[in-house]
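This is what each chain is made of:
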Amino acid sequence: MLASNLLTNYDPELHDDQTQNVDKFLQQFQLSDEILMDVSITFRREMDKGLCRDTNPTATVKMLPTFVRSTPDGTEQGEFLALDLGGSTFRVLLVKVMANGEQKVVMENQIYAIPEHLMRGSGTELFDHIADCLADFMEKMGIKEKKLPLGFTFSFPCRQTKLDEGILMSWNKAFKASGVEGKDVVSLLKESIKKRGDFDTDIMAVINDTVGTMMTCGYDDPHCEIGLIVGTGTNACYMEQMRNIELLDGDEGCMCVNTEWGAFGDDGVLEDLRTDIDRDLDAGSLNPGNHLFEKMISSLYMGELVRLILVRMTKQQLLFQGKTSAKLLTTGGISTNYIYAIESDNVDEGMAFAEKMLLGLDLEPSVEDCIATRRVCQIVSTRAAHLCAAALGAVLRQIRDNKAAEKLRATVGVDGSVYKNHPQFSRRLHKMVRRLVPDCDVRFLQSQCGSGKGAAMVTAVAYRLVAQNAERQRIINNLILTSEQLQEVKKRISEGMVRGLSKKSHEEASIKMLPTYVTSTPDGTEHGDFLALDLGGSNFRVLLVKVHGGKKHKVNMHQKIYNIPQETMHGKGEELFDHIVNCIADFLEHMGMRGASLPMGFTFSFPCRQLKLDQGILLKWTKGFKASGCEGQDVITLLKDAVRRRQEFDLNFVAVVNDTVGTMMTCGYEDPNCEVGLIVGTGTNVCYMEEMRNIELVEGEDGRMCVNMEWGAFGDNGELDDFCTGFDHIVDDCSNNRGKQRYEKMISGMYLGEIVRNVLIDFTTKGLLFRGKMSERLKTRGIFETKFLSQIESDRLAMRQVRSILQHLGLTGSTCDDSVLVKEVCRVVSRRAAQLCGAGLAAVVDKIRENRNLNQISVTVGVDGTLYKTHPHFSRIMQETLKNLAPQCEVTFQKSEDGSGKGAALITAVACRIKSEGQH
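Keep in mind that this is a model prediction, so the values were computed, not measured.

*Asks:* How should I be thinking about the pairing of strand E9 (residues 224-230) in this particular structure?
*Replies:* Remember that side chains alternate between the two faces of the sheet whenever the strand is regular. Burial analysis of E9 places 7 of its 7 residues in the buried class, which makes it a mostly covered element. In this structure, E9 lies alongside strand E10 (residues 234-241), joined through 5 bridges in antiparallel fashion. Its bridge partner being in E10, Val-230 is matched across the sheet by Thr-234. Hairpin connection from E9 to E10: 3 residues lie between these consecutive antiparallel strands.

*Asks:* Sorry if this is basic, but what is going on with helix H5 (residues 123-141) here?
*Replies:* Because the α-helix completes a turn every 3.6 residues, residues three or four places apart line up on one side. With 19 residues, H5 should cover 27 Å at 1.5 Å per step; its first-to-last C-alpha distance of 27 Å lies within 8% of that length. Buried-residue contacts for H5 involve strand E2 (78-85), strand E3 (89-98), strand E4 (104-113), helix H4 (116-119), strand E5 (149-154) and helix H6 (185-196). Regarding H5, its N-cap is Ser-122, as a side-chain oxygen of that residue lies 3.2 Å from the backbone nitrogen of Thr-124 further along. One or two steps after H5, the chain reaches Gly-142, where phi turns positive at roughly 70°.

*Asks:* Any chance you could explain empty space enclosed by the protein here in plain terms?
*Replies:* Any space left empty among the atoms is revealed by the rolling of a water-sized probe across them. Summed over the entire model, instances satisfying the criterion amount to 4 cavities of 30 Å³ or more. What the largest cavity holds in volume is close to 90 Å³. Mapped onto the lining of the largest cavity, the elements with two or more residues apiece are strand E1 (64-65) and strand E8 (202-207). Among the residues making up the lining of the largest cavity, the classes are represented as 8 nonpolar, 5 polar and no charged. Estimated volume of the second largest cavity: approximately 60 Å³. Together, Glu-225, Met-239, Glu-240, Gln-241, Cys-254, Ile-399, Asn-402, Lys-403, Arg-803 and Cys-816 line the second largest cavity.

*Asks:* Hey, could you run me through the side chain of Arg-849 in this one?
*Replies:* Within the secondary structure layout, Arg-849 lies in helix H25 (residues 816-851). Residue class for Arg-849 comes out buried when judged on its relative accessible area of 9%.

*Asks:* Where do I start with the sheet that holds E2 in this structure?
*Replies:* Remark on secondary structure: sheet strands pair via backbone hydrogen bonds, oriented parallel or antiparallel. Taken together, the 5 strands give an open sheet; going across it, the order is E4-E3-E2-E5-E8, and neighbouring strands pair in mixed fashion. Either end of the sheet is taken by a strand with one partner, and the two such strands are E4 and E8. Strand after strand, the sheet turns through a mean of 20° between neighbouring axes, direction not considered. Where E2 meets E5, 5 bridges bridge the pair, whose relative direction is parallel.

*Asks:* Would you mind going over the packing of aromatic side chains with me for this structure?
*Replies:* What describes a pair of aromatic rings is the distance from one ring centre to the other and the angle between the planes of the rings. Using the criterion set out here, one finds 23 aromatic pairs in the structure. Ring geometry for Phe-784 against Phe-788: centres 5.5 Å apart, planes inclined by 90°, an arrangement best described as edge-to-face. For Phe-788, a relative accessible area of 6% puts it in the buried group. In this structure an aromatic cluster arises from ring pairing among Phe-152, Phe-154, Phe-156, Trp-171 and Phe-175.

*Asks:* Would you take a moment to explain the nonpolar core for this structure?
*Replies:* Counting residues in hydrophobic clusters, the biggest one holds 118 residues, and the most contacted among them are Leu-228, Leu-396 and Leu-429. The biggest single contributor to this core is helix H12 (residues 367-403), with 20 residues. When near neighbours in sequence (up to four residues on either side) are disregarded, Leu-228 contacts Thr-210, Thr-213, Asn-235, Ala-236, Trp-261, Cys-388, Leu-392, Val-412, Gly-413, Val-414, Asp-415 and Leu-429. Core analysis: the second largest hydrophobic core is formed by 112 residues, Val-845, Val-859, Phe-874 and Val-910 among them.

Conventions we followed
- Residues numbered from 1 in each chain as written.
- Predicted model: local features only at pLDDT ≥ 70, side-chain atom pairs only at ≥ 80, totals over all residues.
- Heavy atoms only, no water.
- Buried < 20%, exposed > 50% of the residue type's maximum accessible area, 1.4 Å probe, protein only.
- Helix = DSSP H or I, 4+ residues; strand = E, 2+ residues; numbered from the N terminus.
- Pairing = 2+ DSSP bridges.
- Expected span 1.5 Å × (residues − 1).
- Contact = heavy atoms within 4.5 Å.
- Polar contact = N/O pair within 3.5 Å; in protein donor to acceptor, adjacent residues only side chain to side chain.
- 1 Å grid on protein atoms, 1.4 Å probe; cavity = no way out; pocket = protein on both sides within 12 Å on 5 of 7 lines; lining within 4 Å.
- Points joined across faces, edges and corners; volume = space filled by probe spheres on them.
- Nonpolar A, V, L, I, M, F, W, Y, C, P; charged D, E, K, R; others polar.
- Axes fitted to C-alpha atoms, helices over the stretch in contact; angles between N-to-C directions.
- Phe/Tyr/Trp six-rings, centres within 6.5 Å; stacked < 30°, edge-to-face > 60°.
- Core = buried A, V, L, I, M, F, W, Y, C linked by side-chain atoms within 4.5 Å.

Note that every value here comes from positions in space, so none of it alone points to a role or purpose.
Here it is in structure tokens:
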């Protein structure tokens, strides 16, 4: 019967009846949203198994690392060759990538046939044939004399240990060439090229077609992190976080993972879904029991599924009056291309193609038979699209969870004959994906020349990364200090300490080595009640410290925090100190100690010159204070004058100290070996117990005195010029004290964030970071806080959290690669800071050892400061550096608790003990 006559008899009611009959017969093929969600969840579990080192060997979804670490960023350029092998034909391409001003790709290509005897014959002959075709193409293009980089798209399951190696796990798609499985296909190709001897290439990458598709689409859309193939076979790849890929070492950045999802279900997890028809198809295939998911989706099997269904329906008297034909019973008798035509949007055309196909099978179809055949095609292809959507939904959820995004925006690069040629497949796929993952905004981008162009793009990206990494490393190397350089820093600080202690060179010395008049550390016998005052910012504290002596010596503290209004900070000095005394009076009232006269220690964290323990001449205000009439005055005298003006109580001012000395004394109370105090926070400083004979600024030869080094100023005389980078100079030039505190500016929390920010700006300007796009916020001085370094370098911090910090800085388009690089910059800057601090500390403890003419010494360093306490690696690196540079010193570190408050009271307690001992 001819189509024109057949359609004359077409009746919509007949269509509905016949559709219902087919639907009933193929009920198992029609999957509900609930079932598909279960499939999606199961696939996600299989992905986890593939990613896990312990379960990967038995996983069916292999999740193979591809060693493709980055998608295109648009700056790639150059000439590249590409080979694309995945079927009975293969292509050779010359790809020219242009980036200057316009992002453009120009391609020349030629298709070559692979005879069937080579597909199933000797592997050596297969690769010799590929090399011959490559030589022919290069000859035609006039490029045989050039050694161009080459990307190899090899669309078969491979295990990779690097980008330019692919071990074939198993052939599929009708290939069975011997001697290739278990071998590196790149080596085989190189051997065939070498055998010819008339040309050479630099094989940079071997990828599969799925990765090629993702890379091709990624060149046009930076959001493309997924590649999907639905053609002769089916597969997907996506950019996975390195921390989730347990098969590889390293947890930073991303890598494209080739899921090889065609094998999903090979372990039986899909048995409830598979029908008897699926089992019949599998039994008759070249690889029974393998690639069961692929056999429910891809074009290689779609036509065969339809044929098996028609045979079964015919045998049950539901079609063709129960009469089969030899052609209908022949495996492969129905081409998937017919299904595309039969499912045409135009019903008449679809029916006509159904009739044509059935007649070609020597059948005598009725209208009902054609309607039924069309419906069978629809059900088979719909199931394929929906299963594909279920697996893709799992991949999208994995990416969304990796990024901790409430709503993911993602692009899927797609290729393959089913997706491109089937009139309904793509729509069904898109619709079901959106139903299964409504919290993902998914765009599908059809790849053009995906697998070939993609191989060239992977090669181009690899070339770009090599060049960019070399430039980044060149810049970062300036921030890396060698052991020899650190030894030199230690030597110069040692020399600077001697200059600061000498009366002759003290004035010119950058390390001032200021005497503190603290001549003893606690010995545990101190006892009594002491007041402490801690002034170092817009808030200050008054403390009552109760020191209990004896074997179980301990310290109890009560404190109250008071605010200093800005007008008082900027007003007259008398008003400032009156305000402080009023707060002391309030505290005494609060503690029920009105009128009491207790010894007091005053932590005054501003630059002072001391002539005795209870006298501190303010050199200059810092930290926003500008009170008049104070600079050049003794702060204890100013405080005493304010107490006298109040005429309510009297105080015994015993000591004025800075926070570094307070830290040493606090730790010294717990550990009598503590003779060094270190602060590494907003600023940095050190004090230590020096021999009196070496302190030429103070009379007396006997005993020891704590020296406040004020080491932050080391380098102010040029001692660090050959270690400073351009970034250090920028930070210094933009600071409030240009040319001052050079050592502190390379170490302390106030400046490390600024150093990092300037490195990031330099990288971005050179196109090495954030795709060369600068945010206005990143240009803002002080926006990259040092606390970000601690957060970014935390071992527990996932890359997605690094990205959230970058988003706070206005860098909303930052990539996984950007996060890795930012973390590396933070690591290098903080490591240098810790090493410089360790070198300085090595000079200090070695000085103590040499002072005492000891071969070995054990000493404890009391430490305080937010950078030391909160940065995840600073303390370890500093201690490692110290150990390397001062191997004869066994150094213990003890964190200080409240050095500035408790420490001031303990200095006062020690002074009172010494005074009391002197009286007896």
